[in-house]
Amino acid sequence: MKQYLFERKNEVFWQEFEASLQVLSQRRGHRASLQSTEPFPNQYRQLCHHLSLARARHYSPALVNRLEQMVNAAHQIYYRRKTHLLASILVYFTSGFPQAVRREAKWVIVSSLLFFGSLLGMFVTVLVSPDMVYTMLDGQQLAGMESMYQPGENRIGRERAADSDFEMFGYYIFNNTSIGLRTFASGLLFAVGTVVILLFNGLYIGAIAGHLTYIGYTATFWPFVAGHSSIELMAIALSGAAGFKLGFSIISPGRKSRMRSLRDAAKQTMNLMYGVASMFILAAFIEAYWSSMSDVDPTVKYTVGIGLWVLLIAYFIFAGRHREA
């Protein structure tokens, strides 16, 4: 069906639904009351179907964006509860977060290619030409990295003379979340800042991994990073996706003003960044309390690490699909 026919056929329904959203958003009723007394649930499902058709038929971004906004607003009303924070958190992590990742799949792919591609490229480069590590780190920084992963240490990956896992937990949270926030916020510089930070971090991590592998610290370095790498690295890539979403809302606002486009994109990316922040905290916990343990067999750490990669990918692909259109 041509887009103009699709719009003409459904425009009245959309206008009436937008009006009902304004009324329902002021209420504090349960989902159950909506189901029993109003046509809202059926209208919501119909709107989800319209959005699915618009995406599948590649209708204009303006129409898709309009339908997405209505679906998101209706979703908040439909699943609203009088229960408090715990229920909202549960719904978010079982459906809202992975749905947000899938909605931004194209930006997740772009960000992942830049980040993981530069990481892998530098890793291979340093293995082939070891002196290339000095393009990213100086001698003092390298000496610090080597001391952190020195074979025979009781606790690997510890720096700044930290005396406890808790201190390292706090340090990892600060370090990881600062990287994520910079990657996200730099998208405001027309996405150029996001590109630069993703490439820099990919090259930096790849240089460290390549150098420590080249000098033979594989027995300490790779078991250390195996456990938390999936969560931490994917969180950086998702931060980049959110940054791209911001940047391109300014570069290509469509029929909206740039300010309106940026404001809408910021609201959408926050659904992503809440989960990203949680991923950084979880990665910091694993890094401080599990990864640094030297008395755990490397095979166990590799098994756990691979399992976490599989679970994380499956979570983003499958979780929350029963709530989607």
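Residues numbered from 1 in each chain as written. Predicted model: local features only at pLDDT ≥ 70, side-chain atom pairs only at ≥ 80, totals over all residues. Heavy atoms only, no water.

Trainee: Explain the packing of aromatic side chains here, please?
Mentor: The geometry of two aromatic rings is summed up by the distance between their centres and the angle between their planes. For the structure shown, the criterion picks out 20 aromatic pairs. Between the aromatic rings of Phe93 and Phe97, the centroid separation amounts to 6.5 Å while the plane-to-plane angle is 80°, which identifies the pairing as edge-to-face. Here Phe93 pairs with Phe97, and both are found in helix 5 (residues 85–103), just four residues apart, close to one helical turn. The partly exposed category is assigned to Phe93, whose relative accessible area is 31%. Members of the aromatic cluster, connected to one another through ring pairs, are Tyr92, Phe93, Phe97, Tyr274, Tyr315 and Phe316. (Phe/Tyr/Trp six-rings, centres within 6.5 Å; stacked < 30°, edge-to-face > 60°. Helix = DSSP H or I, 4+ residues; strand = E, 2+ residues; numbered from the N terminus. Buried < 20%, exposed > 50% of the residue type's maximum accessible area, 1.4 Å probe, protein only.)

Trainee: How should I be thinking about the packing of helix 5 against helix 12 (residues 298–318) in this particular structure?
Mentor: Axis angle and axis distance: for two packed helices, these are the angle between their axes and the distance between the axes, and together they describe the pair. Between helix 5 and helix 12, the shortest axis-to-axis distance is 7 Å and the interhelical angle comes to 85°. As the angle between them shows, helix 5 and helix 12 are arranged roughly perpendicular. Here Phe93, Phe97, Pro98, Val101 and Arg102 of helix 5 lie close against helix 12, whose contacting residues are Tyr315, Phe316, Ile317 and Phe318. Here the residues of the contact of helix 5 with helix 12 sort into eight nonpolar, no polar and one charged. (Axes fitted to C-alpha atoms, helices over the stretch in contact; angles between N-to-C directions. Parallel < 35°, antiparallel > 145°, perpendicular 65-115°, else oblique. Contact = heavy atoms within 4.5 Å. Nonpolar A, V, L, I, M, F, W, Y, C, P; charged D, E, K, R; others polar.)

Trainee: Just to check I follow, could you spell out the packing of helix 6 (residues 105–128) against helix 9 (residues 192–214) for this structure?
Mentor: For the pair helix 6 and helix 9, interaxial distance at closest approach is 7 Å and the crossing angle is 30°. Comparing the axis directions of helix 6 and helix 9 gives the class roughly parallel. The two elements helix 6 and helix 9 cross, and the hand of that crossing is right-handed. Here the contact of helix 6 with helix 9 is composed, by residue class, of 15 nonpolar, eight polar and no charged. (Left-handed = near helix turned anticlockwise from the far one by under 90°.)

Trainee: What is the right way to read helix 3 (residues 40–56) from this model?
Mentor: Two residues of an α-helix separated by three or four positions point the same way, owing to the 3.6 residues in each turn. In this model, helix 3 (17 residues) spans 24 Å end to end at C-alpha, consistent with the 24 Å of a helix rising 1.5 Å per residue. What helix 3 keeps buried is the set Phe40, Pro41, Tyr44, Leu47, Cys48, His50, Leu51 and Ala54. Just downstream of helix 3, His58 is the residue with a positive phi angle, here 60°. (Expected span 1.5 Å × (residues − 1).)

Trainee: Can you help me understand unusual backbone geometry in this one?
Mentor: Among all residues except glycine, the phi angle is most often negative; among peptide bonds, the trans geometry is most common. In this structure, His58 takes a positive phi of about 60° despite not being glycine. Mapped onto the elements of the fold, His58 is located in the loop between helix 3 and helix 4 (61–78). Relative accessible area serves as the criterion here: at 70%, His58 is assigned to the exposed category. Its identity is not glycine, yet Phe190 carries a phi of approximately 55°, on the positive side. Relative to the helices and strands, Phe190 is located in the loop between helix 8 (165–185) and helix 9. Its relative accessible area of 48% is what places Phe190 among the partly exposed residues.

Trainee: Got a minute to help me understand the pattern of salt bridges in this structure?
Mentor: Side-chain pairing between opposite charges can occur once the charged atoms of the two side chains come close. For the structure on display, the rule yields six salt bridges. Here Glu18 makes a salt bridge to Arg66, at a shortest N to O gap of 3.3 Å. Here Glu18 is found in helix 1 (residues 3–24), whereas its partner Arg66 is found in helix 4, with 48 residues between them in sequence. Notably, a salt bridge pairs Arg55 with Glu68, separated by 3.0 Å at the nearest N-O pair. Placement of the pair is Arg55 in helix 3 and Glu68 in helix 4, with a sequence separation of 13 residues. For Arg55, a relative accessible area of 38% gives the class partly exposed. Connected via shared salt-bridge partners are Glu11, Glu18 and Arg66. (Salt bridge = Lys/Arg side-chain N within 4 Å of Asp/Glu carboxyl O.)

Trainee: For this particular structure, what's the right way to read a nonpolar patch on the surface?
Mentor: Together, Leu120, Val124, Leu127, Val128, Tyr214 and Ile215 line one region of the surface with nonpolar side chains, adding up to about 550 Å² of accessible area. If one sorts the elements of the nonpolar patch by residue count, helix 6 sits on top with four residues. Position of Val124 relative to the elements: it lies in helix 6. A relative accessible area of 41% places Val124 in the partly exposed class. (Patch = residues over 30% accessible without salt bridge, like charges linked within 9 Å, V, L, I, M, F, W, Y side chains within 5 Å. Areas by Shrake-Rupley, 256 points an atom, 1.4 Å probe, with all protein chains shown as cover.)

Trainee: Looking at this structure, how should I read the side chain of Ser292?
Mentor: The residue Ser292 is located in the loop between helix 11 (258–291) and helix 12 in this model. A polar atom in the side chain of Ser292 sits 2.8 Å from the backbone oxygen of Ala288. (Polar contact = N/O pair within 3.5 Å; in protein donor to acceptor, adjacent residues only side chain to side chain.)

Trainee: Sorry if this is basic, but what is going on with the confidence of the model for the chain here?
Mentor: Any region with low pLDDT has predicted coordinates that should not be read closely. Averaged over every residue, the pLDDT of the chain is 87; residues scoring 70 or more account for 89%. Of all secondary-structure elements in the chain, the lowest mean pLDDT belongs to helix 2 (residues 31–37), at 45, while helix 6 reaches the highest, 97. Confidence drops under a pLDDT of 50 for residues 29–37, and excluding neighbours within four residues, the segment shows 15 contacts in the predicted structure. (pLDDT = per-residue confidence, 0-100.)

Trainee: Looking at this model, I keep getting lost on the environment of Ala226. Mind explaining?
Mentor: Along the chain, Ala226 falls in helix 10 (residues 218–251). When the C-alpha atoms of Ala226 and Trp309 are compared, they prove to be 9.5 Å apart, with 83 residues separating the residues in sequence. Excluding anything up to four places from it in sequence, Ala226 contacts Lys301, Tyr302 and Gly305.

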